[in-house]
Amino acid sequence: MDNSFPEIKTFFGFGCMRLPMKGTEVDIEQFKEMTDYFLENGFNYFDTAHGYIDGKSEKAIKVALTSRYPREAYLLTDKLTEPYFNKEEDIRPFFQSQLDACGVDYFDFYLMHAQNATNFEKFKKCRAYETAFKLKEEGKIRHVGLSFHDKAEVLDNILTTYPQIEIVQIQFNYLDFEDASVQSRKVYEVCRKHNKPVIVMEPVKGGTLIKLPDDAQKILDDLNSGLSNASYAIRFAASFDGIRIVLSGMSDMAQMKDNVSYMKDFKPLTDVEKAAIARVTAVYKGLDMIPCTACHYCVEENHCPMNIKIPEVFACLNMKRIFNDWNQAMYYSDIHAAAPNGKASECIGCGGCENVCPQHLEIRSLLKEVAAEFEG
Ligand code: SF4
Ligand code: SF4
């Protein structure tokens, strides 16, 4: 673990990408209760981005957090995201709209969002990093960082180009640790090489490490700890040197209470627990799963002209393959029953989704597998 940024009180952060929902709206009353509980238990770090829940995350934070607590009671992170600017002059008005939406006059951390080799070129061309550093000089940002989804060498290049970056958010969990595509370990090692504290996102891989296949569940059950599956994944991530925050995208009070129970008085994984996690990883590696984290980037901002619910239909296929769950055919019908949600077979192959997928999934080809399974 890392002791830089002492204003971050603990190693656990509230990711506001998957807030509690009532239909299509954030369940504000439950979000308020979760916020109160989180702060009462000594935590103070909140993370959002404009695209989360189609702009509703920032607005909900204003209602549940920033209008109810003094500014020094919490730390708030927001991000500069690729689709919302096309030239340098676009950045400041967008940044101001984020401050207004969140109801604050500065962000504690502001991250260049979802950096990869392609995005980075645009951010450089539009002088996004330089604009953020200037906003820091003006007191509107306390610390500038980035969030990252690409190969380790790309991060090395970014941190060499912009050594002023203070903190790096990476995808880090036990399933992706040695994954050839996500490269969690290698990316983490680049952060260490450049002496950057790390924020972990996706510690439970979008929920994949919560509902486990039977063989994997038995391995954790045999530990007889009484701890949840999420506890092992979150504590795995928090156990590494240099990790400053592990974010959890909690969607209800039960998840909040579970996470708080083992992060309030954090203890790293024991050797026995580490061995069990290695065996769980081996079970997963033997399965034919789509490694979608349900981040929803591919369906936000009208990326899909056919309104295909990509993460939901991928989840259906995963559930059917892993758990042999035949109810998934019914869930699949429910997903696209309400027009205008398209079926997987209605993909027109435009590729818009693949351009923004941080997991670099071949979505068009995977949708053909979904269609063959559920529409054949
Ligand atoms: S390739 Fe298919 S799924 Fe992806 S955005 Fe285009 S229509 Fe939607
Ligand atoms: S397909 Fe990619 S962009 Fe879409 S939800 Fe899954 S991981 Fe996110």
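Source: prediction; values computed, not measured.

Core analysis: the largest hydrophobic core is formed by 94 residues, its most contacted members being Phe14, Tyr129 and Leu146. Broken down by element, this core gets its largest block of residues, 7 residues, from helix 9 (residues 229-238). Those residues in contact with Leu146 that lie beyond four places of it in its chain are Leu111, Met112, Gln115, Tyr129, Leu155, Ile158, Leu159, Ile165, Ile167, Val168 and Gln169. Listed in part, the 23 residues of the second largest apolar core include Cys292, Val313, Phe314 and Cys357.

Take the site of ligand 2 next. The environment of ligand 2 is formed by 14 residues, the closest being Cys292, Cys295, His296, Cys298 and Cys357. If one sorts the elements of the shell around ligand 2 by residue count, helix 12 (residues 310-323) sits on top with 3 residues.

The next point concerns the pairing of strand 1 (residues 12-15). Successive side chains on a regular strand alternate, one facing one side of the sheet and the next facing the other. Burial along strand 1 is two-sided: the residues Phe12 and Phe14 and Gly13 and Gly15 are all buried. Sheet topology note: the strand 1/strand 10 (residues 243-248) ladder contains 3 bridges and is parallel. Following the sheet pairing, Gly13 is matched in strand 10 by Leu247.

Around ligand 1, the surrounding shell holds 14 residues, and the nearest of these are Cys304, Cys347, Cys350, Gly351 and Cys353. When its residues are assigned to classes, the shell around ligand 1 shows 10 nonpolar, 3 polar and 1 charged.

Let's shift gears to the pattern of salt bridges. Under the counting rule described, the total for this entry stands at 26 salt bridges. Note that Lys124 and Glu121 form a salt bridge whose closest N and O atoms lie 3.4 Å from each other. In this pair, Lys124 and Glu121 both sit in helix 4 (residues 117-125), 3 residues apart, roughly one turn of the helix. Classification of Lys124 by relative accessible area gives partly exposed; the value is 30%. A salt bridge links Lys134 to Glu138, with the shortest nitrogen-to-oxygen separation between them at 3.7 Å. Residue Lys134 is classed as partly exposed on the basis of its relative accessible area of 38%.

For the rest of this paragraph, the subject is the packing of helix 6 (residues 152-161) against helix 7 (residues 184-193). Helices that pack against each other are described as a pair by the angle of their axes relative to one another and the distance between those axes. At their nearest, the axes of helix 6 and helix 7 sit 8 Å apart, and the two run at 20 degrees to each other. Classified by the angle their axes make, helix 6 and helix 7 are roughly parallel. In this structure, the crossing between helix 6 and helix 7 has a hand that is right-handed. Contact residues: Ala152, Leu155, Asp156 and Leu159 in helix 6; Lys186, Val187, Val190, Cys191 and Lys193 in helix 7. For the contact of helix 6 with helix 7, a count of residues per class yields 6 nonpolar, no polar and 3 charged.

Here we come to the domain arrangement of the protein chain. By domain assignment, the protein chain separates into domain 1 (12-285) and domain 2 (297-374). For domain 1 versus domain 2, the separation of C-alpha centres amounts to 25 Å. At the interface, 16 residues of domain 1 touch 9 residues of domain 2. Summing the contributions of domain 1 and of domain 2, the shared interface buries around 1100 Å²; its carbon and sulfur component is 53%. Counting across the interface, domain 1 meets domain 2 through 0 salt bridges. Seen at the junction of domain 1 and domain 2, the total is 3 residue pairs in polar contact (both at pLDDT 80 or more). Partitioning the side of domain 1 that touches domain 2 into residue classes produces 7 nonpolar, 5 polar and 4 charged.

Mapped onto the elements of the fold, Val198 is located in strand 9 (residues 198-201). The class of Val198 is buried, set by a relative accessible area of 0%. Measuring from C-alpha to C-alpha, the distance between Val198 and His113 comes to 15 Å, with 85 residues separating the pair along the chain.

Time to look at the sheet that holds strand 8 (residues 167-171). With parallel pairing, the 8 strands of this closed barrel are ordered in space as 1-4-5-6-7-8-9-10. Across the sheet, the mean angle from the axis of one strand to that of its neighbour is 30 degrees, orientation sign disregarded. In this structure, strand 1 lies alongside strand 4 (residues 45-47), joined through 3 bridges in parallel fashion. The residue of strand 4 that forms the bridge with Phe14 is Phe46. Relative to the sheet, helix 4 contacts strand 5 (75-80) and strand 6 (107-115), its axis offset from that of strand 6 by approximately 125 degrees.

What follows deals with the pairing of strand 6. Across the 9 residues that make up strand 6, a large majority, 9, are buried. Tracing the backbone out of strand 5, into helix 3 (residues 88-102) and back to the parallel element strand 6 gives a crossover that is right-handed. With 6 bridges joining them, strand 6 and strand 7 (residues 141-148) adopt parallel strand pairing. Directly across from Leu111, in strand 7, lies its bridge partner Gly145.

Residue position: Cys353 is located in helix 14 (residues 352-356). For the pair Cys353 and Ala329, spaced 24 residues apart in the sequence, the C-alpha separation amounts to 24 Å. When residues no more than four places from it in sequence are discounted, the contact partners of Cys353 are Cys298, Ile310 and Ile363.

Thresholds applied
- Numbers given to residues run from 1 along each chain, matching the order in which its sequence is written.
- Each chain gets a letter, beginning with A, and each ligand a number, beginning with 1, in the order they are written.
- Local features in this predicted model are restricted to residues of pLDDT 70 or higher, and side-chain atom pairs are both shown and tallied only at a pLDDT of 80 or more, whereas totals for entire chains, interfaces and linings draw on every residue.
- For the side-chain quantities, the full set of heavy atoms in the structure was used; hydrogens and water were omitted.
- In plain words, nonpolar cores are sets of buried Ala, Val, Leu, Ile, Met, Phe, Trp, Tyr and Cys residues tied together by side-chain atoms within 4.5 Å.
- Exposure classes here rest on a 1.4 Å probe applied to the protein chains alone. A residue is buried below 20% of its type maximum, exposed above 50%, and partly exposed in between.
- Numbering of helices and strands runs from the N terminus; a helix is a DSSP stretch of H or I covering at least four residues, while a strand is a stretch of E covering at least two.
- Pairs of residues are marked as contacts when any of their non-hydrogen atoms sit within 4.5 Å.
- Nearness is defined per residue: one heavy atom within 4 Å of the molecule or strand is enough.
- In this analysis, strands are considered paired if DSSP registers two or more bridges between them.
- Residues are grouped as follows: Ala, Val, Leu, Ile, Met, Phe, Trp, Tyr, Cys and Pro are nonpolar; Asp, Glu, Lys and Arg are charged; every other residue, Gly included, is polar.
- What counts as a salt bridge is simple: a side-chain nitrogen of Lys or Arg found within 4 Å of a carboxyl oxygen of Asp or Glu.
- Throughout, an axis means a line fitted to C-alpha atoms (over the contacting stretch in the case of helices), and angles, computed between N-to-C directions, take values from 0 to 180 degrees.
- When an angle is under 35 degrees it counts as roughly parallel; over 145 it counts as roughly antiparallel; between 65 and 115 it counts as roughly perpendicular; any other value is oblique.
- Helix crossings are classified by the rotation of the near helix relative to the far one: an anticlockwise turn of less than a right angle makes the crossing left-handed, while a clockwise turn makes it right-handed.
- Residue ranges assigned to the domains are those given by an automatic or database domain assignment.
- Buried area: the accessible area, evaluated with a 1.4 Å probe, that two parts lose upon being put together, summed over both parts.
- Under the rule applied, a polar contact is a pair of N or O atoms within 3.5 Å (in protein, one hydrogen donor and one hydrogen acceptor; residues adjacent in sequence only if both atoms are side-chain atoms).
- For the handedness criterion, the strands are oriented away from the viewer, and a crossover whose path from the first strand over the helix to the second runs clockwise is classed as right-handed.

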